[in-house]
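Understanding the architecture of this molecule
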Amino acid sequence: MNTVKRREILTRLRDNNPHPETELNFSSPFELLVAVTLSAQATDVSVNKATDKLFPVANTPESIYALGVDGLKEYIRTIGLYNSKAENVIKACKMLIELHNSEVPQDRDALVALPGVGRKTANVVLNTAFGWPTIAVDTHIFRVANRTKLAMGKNVDDVEQKLLKVVPAEFKVDVHHWLILHGRYTCIARKPRCGSCLIEDLCEFKEKTSD
């Protein structure tokens, strides 16, 4: 895929959604960190249902840590892998209190050092909470980037590095939101909705559908 086509794809996505936002509910960097940690292998809808009950009760490292693992589980047991996620969130809260003055660090290495926080989660927090031009590659973005030929790679790290290289600076802050939403609602896994896709004529996927 050439530079002109990539820019047109990103321009159309931006024109269609100039101010994209995550579908996770949050009101602080810490709430976002917790929500993204809980969202691994779970839907944003299921996470929001849990955090809509949790955050009014506890939404700081101290207050969630005070719940303890068992207390936190009561709020998140409807989310997949809730046992390990509860343990990780409690451990992360302890580290935030002891090492970061209860603040979410604006540093990727410090974020990745927190239990349950990988590179993707760190990138989401840096981008969505702090406006960094990071690109968090999940399964949706991996699929869309490879299927359209926007940025091909064998794994999520490859795709992230390729996107960082080929996406112009003006699009970098928002591109991961556009691609996630595009993969979630249009370029879906089983059968992409090519017929209703706003970038169908630019996409280089060979097996387009009429839907």
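Cut-offs used in this document
- Residues numbered from 1 in each chain as written.
- Predicted model: local features only at pLDDT ≥ 70, side-chain atom pairs only at ≥ 80, totals over all residues.
- Heavy atoms only, no water.
- Helix = DSSP H or I, 4+ residues; strand = E, 2+ residues; numbered from the N terminus.
- Rg over C-alpha atoms; globule rule 2.2 N^0.38 Å.
- Buried < 20%, exposed > 50% of the residue type's maximum accessible area, 1.4 Å probe, protein only.
- Contact = heavy atoms within 4.5 Å.
- Areas by Shrake-Rupley, 256 points an atom, 1.4 Å probe, with all protein chains shown as cover.
- Lys, Arg positive; Asp, Glu negative; His and termini not counted.
- Charge placed at Lys NZ, Arg CZ, Asp CG, Glu CD.
- Phe/Tyr/Trp six-rings, centres within 6.5 Å; stacked < 30°, edge-to-face > 60°.

1. With respect to the overall build of the protein
A tally of helices and strands in the protein yields 11 helices and zero strands. Secondary structure elements of the protein occur, N-terminal to C-terminal, as α-α-α-α-α-α-α-α-α-α-α. Its C-alpha radius of gyration of 18 Å places the protein within 12% of the 17 Å reference for a compact globule of 211 residues. Projected onto its principal axes, the C-alpha coordinates of the protein cover approximately 55 × 30 × 30 Å. Per-residue burial for the protein yields a buried fraction of 46% across its 211 residues. Counted over contacts in the protein with a minimum sequence separation of 6, partners at least 24 positions apart contribute 58%. Split by element, the accessible area of the protein, about 10,500 Å² in all, is 51% carbon and sulfur. Taken together, the 28 basic and 26 acidic charged side chains of the protein have centroids lying 7 Å from each other.

2. Overview of the packing of aromatic side chains
With the rule as written, the count across this model stands at one aromatic pair. A centroid spacing of 6.2 Å and a plane angle of 65° characterise the contact between Phe 171 and Trp 178, whose relative ring orientation is edge-to-face.

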